[in-house]
Amino acid sequence: MPSARDNRAVNPPRIVVVGAGHVGLYAALRLSKKLNRNRAEIVVIDPVPHMTYQPFLPEAAAGNISPRHAVVPLRRALKKCRIVSGEVTRVEHARKTVVIQPIDGPSYEMEYDHIIVAPGSVSRTLPIPGLKDRGIGLKTIGEAIYLRNHILDRLDVAAATPDEEVRKASLNFVFVGGGFAGIEALAEMQDVVADALKYYPELDPKEVHFILVEASNRILPEVGPEMGAYTARQLAGRGVDLRLSTFLQSCVDGRVVLSDGDTFRAETLVWTAGVKPSPMLANTDLPLGPKGHVNCLPTLQVADNETGEAWDGAWSAGDCAQVPDLTNPGAWCSPSAQHAVRQAKVLADNIAQVVLGGAPKDYRHKHVGGVAGLGINKGVAHVYGVKVKGYPAWLMHRFYHVSRIPSFNRKVRVVADWVLAFMFKRETVALGQLHHPREEFTEVTPAVDLPAEKKVGAGSR
Ligand SMILES: Cc1cc2nc3c(=O)[nH]c(=O)nc-3n(C[C@H](O)[C@H](O)[C@H](O)COP(=O)(O)OP(=O)(O)OC[C@H]3O[C@@H](n4cnc5c(N)ncnc54)[C@H](O)[C@@H]3O)c2cc1C
């Protein structure tokens, strides 16, 4: 394995950032402003070339904003940092070394002085028959694009097919998990389908079924019980079939089986039933908590599981970390952008302090509540104890997130998308070909059988 080892004693301290999401991007940006190149080298490693502003994924899936505007290009946003397109597959903090698997080519090692471990979380899935083949999550921009094309494509299938079973299955849209991601995605996609149906005289809106399956007896816990109940009434009033205290038991070949005994076919199954810390953490020597999070002190320094003392040069925050919530003793900070972005700021300040010879400070933030968009002109919010519903909540949702998405450039683009969608109505056309771009070309291109000796890369560069 080639090594990227260099003379660490001569060079400025290297700060390696694993993951350029909410924590990684904001921390790297702030560090690069606080420490110039003579003070620190900041290396940001992520397999994707952009930060994804996840709270905008439902709006991107709905076509209210362009998917490109819901992401922030790393090379443009982090001009003073070194960007490495790859995945960290291993962290050996004992040797202060990460193993990087670039997006192409062999893996290699890189040494560091400080590491920010911020690979976030992945969908928390269960061993449910058929889920691996049929389900889709909503954590990435690719999933948002796919979901939009897939759902709009189902309308085309339903409108064209003479088969009644296929038509029904195409018009059943199942969402599992009633948190932020699931509710916002379901509400936005229901809005899109309602808009699109105006152009499908073959389809009766009564044939379309949006089904929410939630294991607990409430939805949207992020906005509290009262606003959660309001949201449930709102969605039920729009015709969403809410199955609370219900589990998905199976979805083999698209046949959905629920724990309440109901069974039906559905071509769309969106899984948004929570998250768990990145599985990459299992390939590190970092101290992990009971659910696989990196154990942290309030200073966002990685903490020894036995002594509780800070590990030199190791830092973490966001969805992958368990950070004590100092405003609620005994609890951890929830996995949310609200905490991730604020933790990133404190984390960056603390590293800068340590590099410059100072002492780190504690992270303390009382969760202020949440705002959720429920489709155009509809929303719900519970912020600083104030409960807001409907249009004002939707406006709050939009103002809040546009103020939060990094860079002026992105803010302007997002607002421009909203204005265009307001003036001309959003596009409701499926671009399903995106997912099979070479199909037509390969169909018309004859295959050529190469002589055996030419097959093994003979004559290549
Ligand atoms: C649909 C949706 C809606 C949401 N809405 C809200 C909301 O309204 N309000 C709110 O507060 N929160 C919301 N959240 C939650 C919020 O987005 C997350 O809590 C936040 O993104 C966590 O930040 P993070 O930096 O820990 O992880 P992320 O932002 O997920 O970033 C992790 C990064 O690490 C990279 N990575 C992963 N593995 C590796 C590896 N091995 N090596 C290198 N890089 C790696 C990933 O590519 C990614 O770029 C929402 C989440 C979703 C999915």
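Every chain's residues receive numbers from 1 upward, in the order its sequence appears when written. Under the rules for a predicted model, residues below a pLDDT of 70 receive no local features and side-chain atom pairs below 80 are neither given nor counted, while totals for whole chains, interfaces and linings still include all residues. Side-chain measures here rest on the full set of heavy atoms in the structure, leaving out hydrogens and waters.

Pairs may arise between side chains of opposite charge once their charged atoms sit close together. Within this document, salt bridges are pairs made up of a side-chain nitrogen of Lys or Arg and a carboxyl oxygen of Asp or Glu, the two lying within 4 Å of each other. Under the definition given, this model contains 21 salt bridges. Residue Lys 198 pairs with Asp 195 through a salt bridge whose shortest N-O separation is 3.3 Å. Accessible area is worked out with a 1.4 Å probe on protein chains only. A residue is then buried under 20% of its type maximum, exposed over 50%, and partly exposed in between. Residue class for Asp 195 comes out partly exposed when judged on its relative accessible area of 24%. A salt bridge links Arg 265 to Glu 267, with the shortest nitrogen-to-oxygen separation between them at 2.9 Å.

Further remarks concern a nonpolar patch on the surface. A surface patch of nonpolar side chains, amounting to about 660 Å² of accessible area, comprises Val 415, Val 419, Leu 420, Phe 422, Met 423 and Phe 424. Helix and strand definitions follow DSSP, with helices as H or I runs of at least four residues and strands as E runs of at least two, each counted in order from the N terminus. Mapped onto the elements, Phe 422 comes out in helix H11 (residues 408-424). By relative accessible area, Phe 422 is classed as exposed at 74%. Distance thresholds for patches are 9 Å for like charges and 5 Å for nonpolar side chains (Val, Leu, Ile, Met, Phe, Trp, Tyr), applied to residues having over 30% relative accessible area and no salt bridge. Values of accessible area rely on a 1.4 Å probe in the Shrake-Rupley scheme; residue burial ignores everything except the protein chains shown.

Attention now moves to the sheet that holds strand S25 (residues 386-389). Paired strands, as defined in this entry, are two strands with at least two bridges between them according to DSSP. An order of S23-S24-S25 is seen for the three strands of this open sheet, with the pairing classed as antiparallel. Only two strands of the sheet have a single neighbouring strand rather than two, namely strand S23 (369-373) and S25. Strand-to-strand, the axes of this sheet are offset by a mean angle of 5°, without reference to chain direction. Judged from the five bridges that link them, S23 and strand S24 (residues 379-383) form a sheet pairing that is antiparallel. Each bridged residue has a counterpart across the sheet, and for Val 371 the counterpart in S24 is Ala 381. Lying over the sheet, helix H8 (residues 224-237) contacts S24 and S25, oriented at roughly 180° with respect to S24. Angles run from 0 to 180 degrees between N-to-C directions of axes, and those axes are lines fitted to C-alpha atoms, restricted for helices to the stretch in contact. Whether two residues touch is decided by their heavy atoms; if any such pair falls within 4.5 Å, the residues are in contact.

Turning our attention to the site of the ligand. For the ligand, the set of nearby residues contains 30 residues, the closest of which are His 22, Val 23, Asp 46, Val 88 and Asp 319. Within the side chain of His 22, an N or O atom sits 2.8 Å from an oxygen atom of the ligand. Contact distances for the ligand include 2.7 Å between an oxygen atom and a side-chain N or O atom of Asp 46. When the ligand sits alone it has 1000 Å² of accessible area, and the protein chains cover 89% of it. Those elements that place two or more of their residues in the shell around the ligand are helix H1 (22-34), strand S2 (41-46), strand S5 (82-92), helix H7 (180-197) and helix H9 (337-355). Considering every element that reaches the shell around the ligand, the biggest residue donor is H9, with three residues. Residue classes follow a fixed rule: Ala, Val, Leu, Ile, Met, Phe, Trp, Tyr, Cys and Pro count as nonpolar, while Asp, Glu, Lys and Arg count as charged, and any other residue, Gly among them, counts as polar. Counted by class, the shell around the ligand contains 18 nonpolar, nine polar and three charged residues. One heavy atom suffices: a residue is near a molecule or strand as soon as one of its heavy atoms comes within 4 Å of it. Throughout this description, a polar contact denotes any pair of N or O atoms lying within 3.5 Å of each other; where both atoms belong to protein, one of them has to be capable of donating a hydrogen while the other can accept it, and for residues adjacent in sequence the pair is counted only when both atoms sit in side chains.

The next thing to look at is the UniProt feature "domain: FAD/NAD(P)-binding" (unreviewed entry) in the protein chain. Sites flagged by UniProt as "domain: FAD/NAD(P)-binding" (unreviewed entry) map to residues 14-327. The annotated region residues 14-327 carries 27% helix and 29% strand content, and the separation between its end C-alpha atoms amounts to 33 Å. UniProt positions are given in the numbering used here, feature names are shortened, and annotations may be inferred rather than shown by experiment.

So, about the sheet that holds strand S12 (residues 209-213). With parallel pairing, the five strands of this open sheet are ordered in space as S10-S17-S11-S12-S13. If you trace the sheet from one side to the other, it starts and ends with strand S10 (135-136) and strand S13 (241-243), each paired once. Alignment of strand S11 (residues 172-176) against S12, held across five bridges, turns out to be parallel. For Phe 173, the partnering residue across the bridge sits in S12 and is Phe 210. Its contacts with the sheet place helix H5 (residues 141-160) against S10, S11 and strand S17 (268-271), and it is angled at close to 155° to S17.

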